[in-house]
Amino acid sequence: MNVTLILLGAGTVGYHLLAQIAHSPLARLVKHIVICDPAAIREENAITCPLYRGHVREPKCNRLAALAVRRFADARPRISTIRRCVEELSWDRVLAPEEPGRDRVAIILVGLDNWDARLAAMEDLRQHATAHQDGHDSLVFIQVGLDRGQASIAVLGVDYDDPCPACGKQVLPEPQPCVLFSPDHRLLRGNLRCEAHAAGRYVRRIAEDMVLPHRRSVWLNTKTNLVADSGGRAFRQFTRPCRSQVECFGPHHPGGPLRWERILSGKA
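Our subject in this report is the structure included herewith.

## Some points on the packing of helix H1 (residues 12–22) against helix H5 (residues 193–211)
H5 packs onto H1 with a crossing angle of 50 degrees between their chain directions and a minimal axis gap of 8 Å. In terms of their interaxial angle, H1 and H5 are classed as oblique. Once H1 is placed against H5, the crossing between them reads as right-handed. Packed against H1, whose contacting residues are Thr-12, His-16, Leu-17, Gln-20 and Ile-21, the element H5 presents Ala-196, His-197, Ala-199, Gly-200, Arg-201, Val-203, Arg-204 and Ala-207 at the interface. Grouping the constituent residues of the contact of H1 with H5 by class yields six nonpolar, five polar and two charged.

The following block contains the structure:
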């Protein structure tokens, strides 16, 4: 088995998911890690990502790549950084096989604040999968969101008939940065570390189930919510199926590409 690990976003979600996968049996199978993020580290990023402290203005993707070198030292995967928006990704290049002819799977971990970018990533990935019909079963798309005391994890297929990140939504939520201060400089969402750890452990379990025993259908097209107890340490799990929604404005047709932010703003 040959695994490519693709992180869309090198912020709180990507930082903590990478650490969890590094401690998984999957780590020894990872041959290529791709980290995509256009942003540079700011001082407040260390609140949710402690090892970003002291690296202000360094590209997030570069710093996370340096941590990946240490965390995946035994596997020694090739590590690529892309300091661009996900809309600019060339999926044909990113998903080019490391070793042609071997069983391979790409795990796409999505930790993007911007919902337009999530839809664009899914749209482009579905177009790639349509052009490479043999690639559908080898793509695992896992989207993670964090909030105070909770996390959400969606595992979505790459067929146009599968649900997309916009299914069930009338409008897309506004971006919500992980570090958010009140006017008196209190953290409104906390440091999100417990939530990120919980989500990371759960994503690790999902990825192991989908890749190692080949039980892909167990998690495909499901959404899981993790809700913290009163102490904020233990999390209850609620998993349910995701279904495509009629009249969804997301990527459900190969006739694109469309950029969903233009549709929602009335410019299309």
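Read on, since the account is not over.
## A few points about the packing of aromatic side chains
Where two aromatic rings form a pair, the distance of their centres and the angle of their planes describe that pair. All told, the structure shown has two aromatic pairs when counted by the stated rule. Seen in terms of ring centroids, Tyr-15 and Tyr-52 are 5.2 Å apart; in terms of plane orientation they differ by 80 degrees. Their pairing is edge-to-face. Within this pair, whereas Tyr-15 is found in helix H1, its partner Tyr-52 is found in the loop between strand S2 (30–36) and helix H2 (60–71), the two being separated by 37 residues in sequence. Like Tyr-15, the residue Tyr-52 is buried in the burial classification. With a centroid separation of 5.7 Å and 80 degrees between ring planes, the pair formed by Tyr-202 and Trp-219 is classed as edge-to-face. Within this pair, whereas Tyr-202 is found in helix H5, its partner Trp-219 is found in the loop between H5 and strand S7 (222–228), the two being separated by 17 residues in sequence. The two residues Tyr-202 and Trp-219 agree in class, both being buried.

## Quick word on the pairing of S7
Of all the seven residues making up S7, five are buried; the element is thus mostly covered by neighbouring parts of the structure. Here strand S6 (residues 150–156) pairs with S7 via six bridges, running antiparallel. Bridge assignment links Ala-151 to a residue of S7, and that residue is Leu-226. For S7 and strand S8 (residues 235–241), the ladder comprises seven bridges, and the chain directions are antiparallel.

## Regarding the pattern of salt bridges
Enumeration over the complete set of coordinates arrives at four salt bridges. Measuring nitrogen to oxygen at the nearest pair gives 3.6 Å for the salt bridge that ties Glu-44 to Arg-42. By relative accessible area, which is 44% here, Arg-42 ends up partly exposed. Residue Asp-184 is joined to Arg-186 by a salt bridge in which the shortest nitrogen-to-oxygen separation is 3.0 Å.

## Notes on the environment of Val-211
Note on placement: Val-211 falls in helix H5. In this structure the C-alpha to C-alpha distance between Val-211 and Val-3, which are 208 residues apart in sequence, comes to 8.8 Å. Discounting residues that sit within four places of it in the chain, Val-211 has contacts with Met-1, Val-3, Leu-26, Val-105 and Ile-107.

## Considerations on the sheet that holds S8
Strand order in this open sheet of eight strands is S3-S2-S1-S4-S5-S6-S7-S8, and the pairing throughout is mixed. Looking at strand neighbours, the two that pair on one side only are strand S3 (78–82) and S8, the edges of this open sheet. For this sheet the average axis-to-axis angle between neighbouring strands, irrespective of direction, equals 15 degrees. Pairing geometry for S2 and S3, over five bridges, is parallel. Paired with Ile-33 across the bridge in S3 is Ile-79. Strands in contact with H2 are strand S1 (2–8), S2 and S3; relative to S3, the strand with the most contacts, it is inclined by about 170 degrees. Along the sheet, helix H4 (residues 115–131) makes contact with S1, strand S4 (104–110), strand S5 (139–147) and S6, crossing S5 at roughly 175 degrees.

## Brief notes about H1
Along H1, eleven of the eleven residues are buried, which leaves the element largely enclosed by surrounding structure. Every buried residue of H1 is accounted for by Thr-12, Val-13, Gly-14, Tyr-15, His-16, Leu-17, Leu-18, Ala-19, Gln-20, Ile-21 and Ala-22. Packed against the buried residues of H1 are S1, S2, H2, S4, S5 and H5.

## Thoughts on unusual backbone geometry
One non-glycine residue, Arg-57, adopts positive backbone phi at about 80 degrees. Mapping Arg-57 onto the fold places it in the loop between S2 and H2. You can call Arg-57 exposed: its relative accessible area is 68%. One non-glycine residue, Arg-76, lies in positive phi territory at about 50 degrees. Its place among the elements puts Arg-76 in the loop between H2 and S3. Since its relative accessible area comes to 74%, Arg-76 is described here as exposed.

Thresholds applied
- Residues numbered from 1 in each chain as written.
- Predicted model: local features only at pLDDT ≥ 70, side-chain atom pairs only at ≥ 80, totals over all residues.
- Heavy atoms only, no water.
- Axes fitted to C-alpha atoms, helices over the stretch in contact; angles between N-to-C directions.
- Helix = DSSP H or I, 4+ residues; strand = E, 2+ residues; numbered from the N terminus.
- Parallel < 35°, antiparallel > 145°, perpendicular 65-115°, else oblique.
- Left-handed = near helix turned anticlockwise from the far one by under 90°.
- Contact = heavy atoms within 4.5 Å.
- Nonpolar A, V, L, I, M, F, W, Y, C, P; charged D, E, K, R; others polar.
- Phe/Tyr/Trp six-rings, centres within 6.5 Å; stacked < 30°, edge-to-face > 60°.
- Buried < 20%, exposed > 50% of the residue type's maximum accessible area, 1.4 Å probe, protein only.
- Pairing = 2+ DSSP bridges.
- Salt bridge = Lys/Arg side-chain N within 4 Å of Asp/Glu carboxyl O.

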